[in-house]
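Commentary on secondary and tertiary structure
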Amino acid sequence: MDNPHGPVGAGWLVSVSEPASSPSWAPPGYDLEARAGESAAGEVWRARERATGDVVGLARLDDGVDRAPFEALREELGRLRTPYLLRLRAVVGGVLVLDHATGGSVADLLHRRGRLEAGEVVTVAAPLAAALAEAHAGGMVHGDVSRVSVLLTADGMPLLAGLGVARLARG
């Protein structure tokens, strides 16, 4: 989608805190780089997958959350063809392995800039509407769309995060 104002959030990266030490819950094959925040599932860390060098997000599921439904969710999300969903790559023990959105969230962007221009709002809203329409056609409901659950790639493309995760994490 063309935006006369340029990509949303272009050049704006989220600041994250560097870990003093890697938590013991990190799954094998991943090096934690920095804590990135919280999600409906639990705390989220930026990490690097050793085998590929890919930067990913690792969401540690809170204790007591049933892990079994998350693999089914990964398969269900894999059937959706929209590019505007944050991909759940794998479930490793009690950790969700997600694509990493280097542009941060719309909440981060609004915190820094105060507001978005009209063209930027359309650039975010139209792809999200398409992603939600496809998810709804597939029988899925997000249930928690907010500026925190809308993430951005480095070039400003919006990605809807947490589709189905909030429901599963709450039980």
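The sections below set out a description of the structure shown in this document. If you're wondering where the values come from, they're calculated on a predicted model, not measured in any experiment.

What follows is about the layout of surface pockets. The space that makes up the second largest pocket amounts to roughly 170 Å³. Examining the composition of the lining of the second largest pocket, we find that 3 residues originate from one element, helix H1 (residues 68–78), more than from any other.

Turning to the nonpolar core, a few remarks are in order. In this structure, Leu77, Leu80, Leu85, Leu86, Leu96, Met140 and Leu163 are the most contacted members of the largest nonpolar core, which totals 29 residues. The set of elements that each furnish at least two residues to this core consists of H1, strand S5 (95–99), helix H2 (106–113), helix H3 (118–137), strand S6 (150–152) and strand S7 (158–160). With 4 residues, the top contributor of residues to this core is H3. Every residue in contact with Leu85, bar those within four places of it in the chain, is listed here: Leu77, Leu80, Ala131, Leu159, Leu160 and Leu163. Listed in part, the 9 residues of the second largest apolar core include Tyr30, Trp45, Leu58 and Val97.

Attention now goes to the pattern of salt bridges. On inspection of all chains with the given rule, the structure shows 11 salt bridges. For Glu33, the salt bridge is made with Arg48, and the minimal N-O distance between the two is 2.9 Å. Remark: Arg48 occurs in strand S2 (residues 43–49) and Glu33 occurs in strand S1 (residues 30–38); sequence separation between them is 15 residues. Note that Glu117 is salt-bridged to Arg115, the shortest N-O span being 3.5 Å. You can call Glu117 partly exposed: its relative accessible area is 31%.

Tallying each qualifying case throughout the model produces 1 aromatic pair. Ring centres of Trp25 and Trp45 lie 6.4 Å apart, and the angle between their planes is 75°; this geometry places the pair in the edge-to-face category. With Trp25 in the segment before S1 and Trp45 in strand S2, this residue pair connects regions lying 20 residues apart in the sequence. For Trp25, a relative accessible area of 15% puts it in the buried group. Look at Trp45 and you get buried, because its relative accessible area is 7%.

Calculation criteria
- Chains are numbered independently. Their residues run from 1 in the order of the written sequence.
- Two thresholds apply to this predicted model, a pLDDT of at least 70 for residue-level local features and 80 or more for giving and counting side-chain atom pairs, whereas whole-chain, interface and lining totals are computed over all residues.
- Side-chain numbers come from the whole structure's heavy atoms, not from hydrogens or water.
- Grid points spaced at 1 Å and placed over the protein atoms alone form the basis of the search, with a cavity being a set where a 1.4 Å probe fits but cannot get out and a pocket an open set showing protein on both sides within 12 Å along at least five of seven lines. Lining residues have an atom within 4 Å of a point.
- Grid points are joined across faces, edges and corners, and a volume is the space filled by probe spheres set on the points.
- Helix and strand definitions follow DSSP, with helices as H or I runs of at least four residues and strands as E runs of at least two, each counted in order from the N terminus.
- Here, nonpolar core means buried Ala, Val, Leu, Ile, Met, Phe, Trp, Tyr and Cys residues that are tied together by side-chain atoms lying within 4.5 Å of each other.
- Per-residue accessibility, obtained with a 1.4 Å probe over protein chains only, is compared with the maximum for each type, and a residue is labelled buried under 20%, exposed over 50%, and partly exposed between these values.
- Contact criterion: two residues are considered in contact whenever any of their non-hydrogen atoms come within 4.5 Å of each other.
- Salt bridges are defined by distance alone: a side-chain nitrogen of Lys or Arg within 4 Å of a carboxyl oxygen of Asp or Glu.
- Whether two aromatic rings pair depends on their centres lying within 6.5 Å, for rings of Phe, Tyr and Trp, where Trp uses its six-membered ring; planes under 30 degrees apart make the pair stacked, over 60 edge-to-face, and the rest tilted.

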